[in-house]
Amino acid sequence: MGLLSDPNRRRALISLLTRLNAPICVVCYMAGVAWFMGLAFEPFTLRTYMSENAMGSTMVEERFPAGERALGTGREFSAHKKKAGGMPVDWLVKTMQSRGLEVFTQRFSRRLPFPDEDKERYMVKGTNVYGILRAPRAPRTEALVLSAPCSPGDDNNQAVGVLLGLAQYFRNQVFWAKDIIFLVNEHDLIGMQAWLEGYHHTNTTGMDWSPLQGRGGSIQAALSLELSSDVVTSLDLVLEGLNGQLPNLDLANLFYAFCQKIGVLCTTQGKLQRNDWDSVSGYSHAVQTMMLMVMKQASGRPWGDHGLFLRYHIEAATIKGINSFRQYKTDATTIGRLLEGMYRKLNNLLERLHQSYFFYLMPSLSHFVSIGYYMPAFGLLALILLLRALDLWIQLATPPPRTEDGVADAEQMSSPGVLSVLTPLVISHLTGVALYTLPIHFQEIAVEHFPVSETEAVVLTAIAVYTAGLALPHNTHRLLTGRGTENGWKVLKLVAVLYLAVLLGCTALINFSLGFILALTLVPVAAFVTPDVPKALSAFIMVILSPACTLLFSVFLFQELQEMPVSFLDGWMLYLSVISQGILDHALYGSLVYPLVALLVYPCWLLFWNILFWK
């Protein structure tokens, strides 16, 4: 307190921060990036451990014996699916009833805002089939869910067979204290969304669905199973859900514990765990695994059917069977035993999973990075914005130097008008509103006047509106009264820097990965852009660091991390597909990434673009 209350010391501190502001900002940026990259180094991570006492021991004897019979059921399901041309509803109802379940169906339909060219669908109609195994030893107030999506073609038939095999096996056990719901959903996420909305009596997406005739208790946890081959070499755990939500870490720990017990090869992000963490290749492998999780989480889209459960505070994950032609093989019986063990442990829960972490990153299944370890990396980047805001505040509060005749510079003394600051703010956000609303509303007009499909019209309209926003400085200057003052751009930048700091801080609290990626590209722009820098070079750098180019670079980086590099043309087509999927995810499931970028991030970037061309 003495440092701030003493005028001389306060002036010395202000002078030091003003003089060394730029070097401190550079050091903070480099330290933030280095901190983040160091998170994948194993000595800096924590080993996973079970926090929930009810699931602390894996001393459960798994006896599921019917793996081959389950695969036969899967082949029978495949034949009926081909015969029906989709979900074999009648066959599924009869099969579940023969296994002693209470069976119900739910019809749903949804018209997409524009055709989904990736999955070739526009008007979606389907039926969900689910069976409930009532708990024989409890008042049936809680439930667990095991789901398997009915995918087109020959995909995931084996998962449905394993689900039906487990239903028959679980029916003969007497120790269940929770209802177990076996769900086969059609049209992947759309069907799952319809079932969850019907189960919880909500309708947040405007989908048409029939009310559920049967319900279990309050759902405590859920697993989604995806198998597309009779032979599985490893099981991959998918955690990333809608808007970057993650399940409680104990669910991942439970999966890893039973994989270790049974001897199943397990992966996350499709990558095996390595023990040579002290080598360059081992560290690089951990960085790739962690970066894949960051990229998936930042996308805000659900990466499996489990992702929609998380918005209802239901801990869920997707288990995918991978056939990568390794020598190691896992049969359906072993997978059934793994699921049996996990559900028997979840059956012991006395309360919802809550004792472990909800915010974490995983360089491997055996190690994790908690929120207390990765938030300082973001904090160092956010500190740059606060330092720049402090520097601008000091400059605005400091009186201008006087000339030899004792008169201050009139231009320096003149205060900026409200209109000179308010106009860029209003126009920037109106441009963001146009970017958010026009692509879908103008698709019919674009299709009538140009030889493009509806999906192409939506994407090209979004790109056109985004590009048109680059004319913002010219439009702003036409609306300004008189020429801008010297302090005008400083006031505007002070507002923009504080705006960006609050925006990135709130984003990082909800979705750290998205907030950190945006901070990596937007913080340098916010820190060093002024009207005095070279216009052409600075404009090029700003465009490279803009949200659209950040997404383009992320697409290529994601493909490299998956070891599936693409050419520039293929990458560009994938980039356009990612834009359309982002808009669809917002319309169908309520993903917040597209409105966040369109209504907040892009207008904030436009403010700095306006500062660069300030006159």
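Predicted model only: the values in this text are computed from it and were never measured. (Residues numbered from 1 in each chain as written. Predicted model: local features only at pLDDT ≥ 70, side-chain atom pairs only at ≥ 80, totals over all residues. Heavy atoms only, no water.)

Before going further, it helps to spend a moment on the environment of L588. Here L588 lies in helix α21 (residues 568-589). If near-sequence neighbours (up to four positions away) are discounted, L588 is found in contact with R110, L112, I190, Q193 and T205. (Helix = DSSP H or I, 4+ residues; strand = E, 2+ residues; numbered from the N terminus. Contact = heavy atoms within 4.5 Å.)

What follows is about the packing of aromatic side chains. Tallying each qualifying case throughout the model produces 26 aromatic pairs. Look at F36 and F512: their rings are 6.5 Å apart centre to centre, the planes differ by 35°, and that puts the pair in the tilted class. Of this pair, F36 sits in helix α3 (residues 21-38) while F512 sits in helix α18 (residues 512-528); the two residues are 476 residues apart in sequence, bridging distant segments of the chain. Judged by relative accessible area, which is 4%, F36 ranks as buried. (Phe/Tyr/Trp six-rings, centres within 6.5 Å; stacked < 30°, edge-to-face > 60°. Buried < 20%, exposed > 50% of the residue type's maximum accessible area, 1.4 Å probe, protein only.)

Another point: the sheet that holds strand β12 (residues 367-370). In spatial order, the strands read β1-β12-β11; together these 3 strands make up an open sheet with antiparallel pairing. Every other strand in the sheet has two partners, leaving β1 (46-47) and β11 (360-364) as the edge strands with one partner each. The pairing of β11 with β12 spans 3 bridges and is antiparallel. Within the sheet, the bridge partner assigned to L361 lies in β12 and is V369. (Pairing = 2+ DSSP bridges.)

When the UniProt feature table is mapped onto this chain numbering, "transmembrane region" (unreviewed entry) sits at residues 20-41, 418-437, 457-473, 494-527, 539-558, 565-584 and 596-614. Its end C-alpha atoms 32 Å apart, residues 20-41 is made of 82% helix and 0% strand. Structurally, residues 596-614 comprises 89% helix and 0% strand, and the distance from its first C-alpha atom to its last is 26 Å. (UniProt positions renumbered as here; feature names shortened; annotations may be inferred.)

The strands making up a sheet associate through hydrogen bonds between their backbones, and the pairing can be parallel or antiparallel. The strand order across the open sheet built from 9 strands is β6-β2-β3-β5-β4-β7-β10-β8-β9, with neighbouring strands paired in mixed fashion. Each end of this open sheet is capped by a strand with a single partner; those strands are β6 (208-209) and β9 (266-268). Along the sheet, helix α7 (residues 188-199) contacts β2 (102-116), β3 (121-133), β4 (142-150), β5 (179-186), β6 and β7 (218-226); its crossing angle with β5, the most-contacted strand, is approximately 140°. (Axes fitted to C-alpha atoms, helices over the stretch in contact; angles between N-to-C directions.)

F36, W195, F309 and F608 are the most contacted members of the largest nonpolar core, which totals 115 residues. If near-sequence neighbours (up to four positions away) are discounted, F309 is found in contact with V145, M192, W195, L196, A222, I314 and A316. In this structure, L92, F182, I335 and M342 belong to the second largest nonpolar core, which totals 68 residues. (Core = buried A, V, L, I, M, F, W, Y, C linked by side-chain atoms within 4.5 Å.)

To continue, consider a nonpolar patch on the surface. On the surface, a cluster of nonpolar side chains totalling about 460 Å² of accessible area is made up of F568, L569, W572 and M573. Mapped onto the elements of the fold, L569 is located in helix α21. (Patch = residues over 30% accessible without salt bridge, like charges linked within 9 Å, V, L, I, M, F, W, Y side chains within 5 Å. Areas by Shrake-Rupley, 256 points an atom, 1.4 Å probe, with all protein chains shown as cover. Salt bridge = Lys/Arg side-chain N within 4 Å of Asp/Glu carboxyl O.)

Turning next to α21. Taking 1.5 Å per residue as the helical rise, α21 with its 22 residues ought to reach 32 Å, and the 30 Å between its terminal C-alpha atoms agrees with that figure. Of all the residues in α21, the buried ones are G571, Y575, L576, S577, I579, S580, Q581, I583, L584, D585, L588 and Y589. Residue G590 follows α21 closely and has a positive phi angle near 90°. (Expected span 1.5 Å × (residues − 1).)

The next thing to look at is the packing of helix α15 (residues 454-468) against α21. Relative orientation of the contacting elements α15 and α21 amounts to 95°, with a least axis distance of 10 Å. As the angle between them shows, α15 and α21 are arranged roughly perpendicular. Of the residues in α21, those in contact with T455, V458, V459 and I463 of α15 are L576, I579, S580 and I583. A class-by-class count of the residues in the contact of α15 with α21 yields 6 nonpolar, 2 polar and no charged. (Parallel < 35°, antiparallel > 145°, perpendicular 65-115°, else oblique. Nonpolar A, V, L, I, M, F, W, Y, C, P; charged D, E, K, R; others polar.)

Counted under the stated rule, the structure contains 2 cavities of 30 Å³ or more. In this structure, the largest cavity spans a volume of roughly 60 Å³. Lining the largest cavity, in full, are D116, K119, R121, L189, R301, Q581, L584, D585, L588 and Y589. Partitioning the lining of the largest cavity into residue classes produces 4 nonpolar, 1 polar and 5 charged. Considered as a void within the structure, the second largest cavity measures approximately 40 Å³ in volume. In this structure, the second largest cavity is lined by L71, Q158, V162, L227, S229, D230, V232, T330, D331, A332 and I335. Breaking the lining of the second largest cavity down by element, the ones donating at least two residues are α6 (157-171) and α10 (332-347). Among the residues making up the lining of the second largest cavity, the classes are represented as 6 nonpolar, 3 polar and 2 charged. (1 Å grid on protein atoms, 1.4 Å probe; cavity = no way out; pocket = protein on both sides within 12 Å on 5 of 7 lines; lining within 4 Å. Points joined across faces, edges and corners; volume = space filled by probe spheres on them.)

With that settled, the discussion passes to unusual backbone geometry. For N156, which is not a glycine, the phi torsion comes out positive at approximately 70°. Among the residues examined, N156 registers a relative accessible area of 3% and is labelled buried. With a phi close to 60°, E563 is a non-glycine residue in the positive phi region. Position of E563 relative to the elements: it lies in the loop between α20 (547-561) and α21. Exposure remark for E563: the relative accessible area of 59% places this residue in the exposed category.

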